[in-house]
Amino acid sequence: MEKKSPSLNMSIFVIGISLLVMIVGIVFFKLASEMLLCLIAMFAAIAAMRLGYNWQELEEAIAERMGKTIPTLLLIWMIGMIVGSFIYSGTIPMIIYYGLITINPSWVIFSAFIMCIIFSVATGSSWSSAGTVGVAFMGVAQGLGVPLHITAGAIITGSIFGDKLSPLSETTNLAPLCAGAKLYDHIKAMLWTTIPPTVVSAIVYIIVGSKYSVQGGVLPESTIAMIEGLSSVYKWNIILVIPFLIIIFGGLTKKPPVPTLFISVLAALAIGFFYQGFPLSVGFKSVVNGFTSSSVYAGELPAPVLSLLNRGGMKSMVSVILIVFCGYSFAAIISKAGFLDKICDPIVGRIKTSSQLILATLATVFFIFVATGNAYVAFILVPEIYRKKYAELGIAPMVLSRSLEDVGTVFGALLPWSSSAVFYTATLGVAMYGAEGYAIWSIMSYLSPVFAVLCAITGLGVYKLSKQEQEEAIKKLENTI
């Protein structure tokens, strides 16, 4: 059957209704984004069939698109395996333990910032960092009379740092997957928009925190209980850092990430079995289902310790994998039928410079994120609009992937209807806005986009493709549609 080209009105109708369904479903009815993505994918498929496409052709487009995501999906599975096995071995708990015992109560705000950086990089999760170490620091701050909203801002900023840069982070893997960049290239590019806000944050927290310096302060009981709880489950030894060293070595020597990460998982399992004395069956279950403290320790543990330990495993990554499958199904259909090109080509065609392109990317991520409250939706849709233009202008895909995170990963803490904002306010027990709100002190949340704009305007950190790389990228993208 002959295929028709969609009209502009039809394209606007299909994509407009799809975005409206996402906005209303997520913001007003709190519906699961995975099911909403399936609904709009089916809606787009029906519209595509009116143009002459059959289901088999659309299914093939989805399969082709998903096939290109397999390497990064393997990495996402590996993240779950790493978290589960590293908790089993005591690797992650040891870093948190020594971080807690080195807390200086006289510098609570700055200490909270630094420790949350360390833990978020180690775990790859801003929520886990804020929900464990962050909660401990809130107890320290409360006991010593340090303003809770400033402490919360420092906790969130430090936690976001690892969520952006840790190779164990879901968003750090999802962004390059969607943009067609390599993981470590993506991390390298993000240094331009992450390190400067981090330095500014550190200076602010040192200056402000010094005003609340407390001499002779002691840790509150909640923090001491957390330290004792970790010590009751694990034995500490320098060998526990070996799994992390394997990952660092693999990254520095540019080894293939999946085999490197798997070797680190095996090392963690060996440490948990031979040194900690835990059953090997628990280690294997931790890799798949996540670690469960009750399987190795019969005593009672504080709630923050349970929150820290009982997680990980490949199954913990299922929600991210589902987002990718459902989102890419929709993206593949609207691309195959030409709906996306019909709307975006006239707009994207007006972009002539790298600065215009990056600024447009940042603005589009911001718009979709604000509209839906879900950064994953923006991560999937925005590259579909701009990837080819990046290749045509000779800009490396890691600049696109960085731009996704410069808004999508950091701004959620300031968006009241995003899951991140809801989590932080509930977990840390402080308001977002107002005189005692954390927003102004969550410096990374608004400085990272600012530095992204500065990089776009000045050209700093805007990596270029060689002529050969540019030609290959354009050819690859043309064959994808």
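Computed from a prediction, not measured in an experiment: that's the story for all the values here.

The rules behind these values
- Residues numbered from 1 in each chain as written.
- Predicted model: local features only at pLDDT ≥ 70, side-chain atom pairs only at ≥ 80, totals over all residues.
- Heavy atoms only, no water.
- Salt bridge = Lys/Arg side-chain N within 4 Å of Asp/Glu carboxyl O.
- Helix = DSSP H or I, 4+ residues; strand = E, 2+ residues; numbered from the N terminus.
- Buried < 20%, exposed > 50% of the residue type's maximum accessible area, 1.4 Å probe, protein only.
- Phe/Tyr/Trp six-rings, centres within 6.5 Å; stacked < 30°, edge-to-face > 60°.
- Arc of directions from axis to C-beta.

(A) Up close: the pattern of salt bridges. Per the counting criterion, the structure on display carries four salt bridges. For the salt bridge of Glu57 with Lys3, the shortest nitrogen-to-oxygen distance reads 3.0 Å. With a gap of 54 residues between them, Glu57 in helix α3 (residues 55–67) and Lys3 in the segment before α1 (8–28) connect regions that are remote in the sequence. Take Lys3: its relative accessible area is 32%, and that puts it in the partly exposed class. Of the charged contacts, one joins Glu392 and Lys389 as a salt bridge, the two residues approaching to 4.0 Å between their closest N and O atoms. Placement of both Glu392 and Lys389 in helix α19 (residues 375–392) is noted, with a separation of three residues, approximately one turn of the helix. Judged by relative accessible area, Lys389 falls into the buried class, the value being 12%. Salt bridges here are not isolated pairs; linked through shared partners, they connect Lys164, Arg402 and Asp406.

(B) Structural view of the packing of aromatic side chains. Within the structure shown, the criterion is met by 13 aromatic pairs. With 4.6 Å between their ring centres and 5° between their planes, Trp127 and Phe423 make a pair best called stacked. Of the two residues, Trp127 sits in helix α7 (residues 126–144) while Phe423 sits in helix α21 (residues 419–428), which places them 296 residues apart along the sequence. For Trp127, a relative accessible area of 36% gives the class partly exposed.

(C) Layout of α21. When α21 is considered as a whole, its buried residues turn out to be Ser420, Ala421, Tyr424 and Leu428. Angular distribution of buried residues about the axis of α21 spans 100°; they occupy a single face of the element.

(D) Broad picture of the environment of Ala298. As for its position among the elements, Ala298 is in the loop between α14 (280–289) and α15 (303–309). Classification of Ala298 by relative accessible area gives exposed; the value is 84%. Distance from Ala298 to Ser418, taken between C-alpha atoms, is 37 Å for residues 120 residues apart in sequence.

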